[in-house]
Amino acid sequence: MKFYQKLCSVLLAGSLALTSVLLYGQKPKIPVQAVEKQKIVILGDGISSGANLSEHQKSYADWLAYYTDAEIQNFSKDENTTGDILQSLEDSQIQTALSEADIIIVTAGMNDIMMPFFETANAYMEEFGFVRFQDIFSASLSAYGFATEDDLIPYANELAAAARKNKTSAQENLKAITENLMQYQNATVLYQTVYNPTDTLENITSLSKKRQQAYKSVCNPVTSVMKTAFNDYLHELEADGQCLLADIFSEFAGYAYLYTNLNDLNANPTAEGHIKIADAVIEALGLEKKFPPEEPTETETTTSTSTSTTTSTSASTTTTSTSTSTTTSTSTSTTTTSTSTSTTTSTSTSTTTTSTSTSTTTSTNPAKKVSVGDLNQDDTVDASDAAVLLKTAANLGAGLPSGLSPELEKAADVNQDDEINSADSALILVYSAGRGTGEITVEFSEYLKTLK
């Protein structure tokens, strides 16, 4: 019967595909099957493993689990290259997981390109005593010992060459990964396009034209490598109906300083970047977001029942007493009910005493809530949170999605006027400046109370 059902499904899918080709001239996208509990397997690198996040920050895989009731198995490792991922497909545990998966998500290629790039950049930083990646382009000429800004160009060209080092092998490995995954026809495969972590520096416009030219001579080749080695091929797969695609390259374009850890020579996403990826993946898969309760509370229920019956022949008296007490308490309310009944009757029988007691306690711990203003979830409200808020306000002003989860949207409405705009960002910037000068010593939530 299972074989017959699967055969019917295949024939139906083929019929739909042929109809789409005849009517529209192209193959349809692969739909995600509607089942009660999706099984998702993730293969990839530090993007998918959540590398460089602090303990309380969520990766995009965590957000997927938060938004859906999917069962997720994540086999990603921080420094995986396309070769490592291809090799992992020979692991029996991974093969079993893939054979049972409804959805397979893949992030591959970033480390192939950026590891040699960052090795070269790190050598420059050590040579000249720089702290951040952007120092390579913004440092004074005296720090370099250069005569003119034109001398920056050879360094930029070496960085671009480093990014091209593994292009061919990475491209071949990605195609081999795809061919391997084609055998798991029960699953929908979703790839993420490979973003450019160098696009762009936050203060690029403050640099001189020569320095901007030097930086673009790095950024543009990296974009070209990501496009020709990976993304063009992935878009072709999507157009042919062989996979779904979450276009993270486009999502991150122009905002690498916000969505990645570029200045720390790290291409993995920040907490904000993971939120963007999660939204793009969920949208591409067509999954419905299912939210847990907004404010889980701690609940404790105690039920106690006591029954006592005493009969005394010497006094020819029967006394029956029943007392029931139920106490229910939550973090916000307490209710107590007590009932007592007493009856006395004259009789002459033996004595019987019965006592029963039952107690039940149930406790649910509340989930960690996002603090107001802490949009990057690092337990500190500062200028980086203001930057996230400004980007969110710009998105909303342009009629685009905020890019934030409902919890973070609530945290972004700092002044609680039901709008997310520059006024909220201004409050954070003023607070951050005051903390920096020592004029403000309280936490952000307490600071807001002083403004009311």
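If you're wondering where the values come from, they're calculated on a predicted model, not measured in any experiment.

Colleague: Quick question: what am I supposed to make of the overall build of the protein here?
Modeller: Within the protein, the secondary structure is distributed over 18 helices and ten strands. Put simply, the protein has 452 residues, and 40% of those count as buried. Considering only residue pairs separated by 6 or more positions, the protein has 73% of its internal contacts joining residues 24 or more positions apart. About 23,800 Å² of surface is accessible on the protein, with carbon and sulfur atoms providing 50% of the total.

Colleague: Just checking my understanding: could you explain the pattern of salt bridges for this structure?
Modeller: Pairing is possible between side chains that carry opposite charge, provided their charged atoms lie close to one another. Tallied over the full model, the rule gives six salt bridges. One salt bridge in this structure joins K210 and D150, with 2.8 Å as the shortest N-O distance. With K210 in helix α11 (residues 209–239) and D150 in the loop between α8 (141–144) and α9 (152–163), the pair connects residues that are 60 residues apart, well separated along the chain. A relative accessible area of 41% means that D150 is categorised as partly exposed. Across the pair D279 and K289 runs a salt bridge, and its minimum N-O distance is 3.0 Å. Here the residue D279 occupies a position in helix α14 (residues 271–285), and K289 occupies one in the loop between α14 and β8 (300–312), the gap between them amounting to ten residues. For D279, a relative accessible area of 18% corresponds to the buried category.

Colleague: Before we go on, may I ask you to explain the side chain of T81 in this structure?
Modeller: Note that T81 resides in the loop between β2 (71–74) and α4 (82–88). By relative accessible area, which is 18% here, T81 ends up buried.

Colleague: Sorry if this is basic, but what is going on with the packing of aromatic side chains here?
Modeller: Each aromatic ring pair is specified by the distance between its two centres and by the angle formed by the two planes. One pass over the full model with this rule turns up 22 aromatic pairs. Consider the rings of Y124 and Y155, whose centres lie 4.8 Å apart with planes at 70°: the pair is edge-to-face. With a gap of 31 residues between them, Y124 in helix α6 (residues 110–128) and Y155 in helix α9 connect regions that are remote in the sequence. A relative accessible area of 5% means that Y124 is categorised as buried.

Colleague: Please clarify how the side chain of Q134 should be interpreted in this entry.
Modeller: Within the secondary structure layout, Q134 lies in the loop between α6 and α7 (135–138). Residue Q134 is classed as buried on the basis of its relative accessible area of 10%.

Colleague: Mind showing me how you'd approach the nonpolar core here?
Modeller: Side chains that are nonpolar tend, in soluble globular proteins, to be buried together. Counting residues in each nonpolar core, the largest one holds 106 residues, and the members touching the most others are L43, I104, I105, F133, L181 and Y191. The biggest single contributor to this core is α11, with twelve residues. Leave out the neighbours within four places in its chain, and Y191 touches V106, L174, I177, T178, L181, L234, L237, C243, L244, L245 and A246.

Colleague: Help me understand unusual backbone geometry in this model?
Modeller: With glycine set apart, most residues show a phi of negative sign, and most peptide bonds adopt trans. At N52, a position not held by glycine, the phi torsion is positive, near 75°. In this fold, N52 is placed in the loop between α2 (46–49) and α3 (60–67). Positive phi, close to 65°, is recorded for D418, a residue that is not glycine. As for its position among the elements, D418 is in the loop between α16 (406–412) and α17 (422–437).

Colleague: Sorry if this is basic, but what is going on with the environment of P197 here?
Modeller: In this fold, P197 is placed in the loop between β4 (188–192) and α11. For the pair P197 and C219, spaced 22 residues apart in sequence, the C-alpha separation works out to 8.7 Å.

Colleague: Whenever I open this one, the packing of α9 against α11 confuses me. Can you help?
Modeller: In contact at an axis separation of 9 Å, α9 and α11 are set at 10° when each is read in the N-to-C sense. Judged on the interaxial angle alone, α11 and α9 are roughly parallel. Facing L152, I153, A156, N157, L159, A160 and A163 of α9, the residues of α11 in contact are R211, A214, S217, V218, P221, V222 and V225. Along the lines of polarity and charge, the residues of the contact of α9 with α11 split into eleven nonpolar, two polar and one charged.

Colleague: Help me out: how do you make sense of the packing of α6 against α11 in this one?
Modeller: The packing of two helices is summarised by the inter-axis angle and the distance between the axes. At a closest axis distance of 11 Å, the pairing of α6 and α11 adopts a crossing angle of 155°. By the angle between their directions, the pair α6 and α11 is classed as roughly antiparallel. Where α6 crosses over α11, the handedness of that crossing is right-handed. Taking contact as the criterion, the partners of M110, I113, M114 and F117 in α6 are, on α11, V218, V222, V225, M226 and F230. Taken together, the residues that form the contact of α6 with α11 break down as nine nonpolar, no polar and no charged.

Conventions adopted
- Once a new chain begins, its residue numbering starts again from 1 and follows that chain's sequence as written.
- Residues qualify for local features only when their pLDDT is at least 70, as the model is predicted, and side-chain atom pairs are given and counted only at 80 or more; totals for whole chains, interfaces and linings, by contrast, use all residues.
- Side-chain metrics in this entry use all non-hydrogen atoms of the structure; hydrogen atoms and water are not considered.
- Here a helix means four or more residues in a row that DSSP labels H or I, a strand means two or more in a row labelled E, and each is numbered from the N terminus.
- Each residue's exposure class comes from its accessible area (1.4 Å probe, protein chains only) as a fraction of the maximum for that residue type: buried when under 20%, exposed when over 50%, partly exposed otherwise.
- Throughout, a residue-residue contact means that at least one pair of heavy atoms, one from each residue, lies within 4.5 Å.
- The protein chains shown are the only cover counted for residues, whose accessible areas, like all others here, come from Shrake-Rupley with a 1.4 Å probe.
- Should a side-chain nitrogen of Lys or Arg be within 4 Å of a carboxyl oxygen of Asp or Glu, the pair is scored as a salt bridge.
- Ring geometry is summarised as follows: Phe, Tyr and Trp rings, the Trp one being its six-membered ring, pair when their centres sit within 6.5 Å, and such pairs are stacked at plane angles under 30 degrees, edge-to-face over 60 and tilted between the two.
- Think of a nonpolar core as a cluster: buried Ala, Val, Leu, Ile, Met, Phe, Trp, Tyr and Cys residues, connected wherever their side-chain atoms sit within 4.5 Å.
- Axis geometry follows a simple rule: fit a line to the C-alpha atoms, using only the stretch in contact for helices, then measure angles between N-to-C directions, giving values from 0 to 180 degrees.
- These descriptions rest on fixed angle ranges, namely under 35 degrees for roughly parallel, over 145 for roughly antiparallel, 65 to 115 for roughly perpendicular, and the rest for oblique.
- Ten residues, namely Ala, Val, Leu, Ile, Met, Phe, Trp, Tyr, Cys and Pro, are considered nonpolar, four, namely Asp, Glu, Lys and Arg, are considered charged, and the remaining ones, Gly among them, are considered polar.
- Each crossing is labelled by how the near helix is turned from the far one, with a counterclockwise turn of less than a right angle marking it left-handed and a clockwise turn marking it right-handed.

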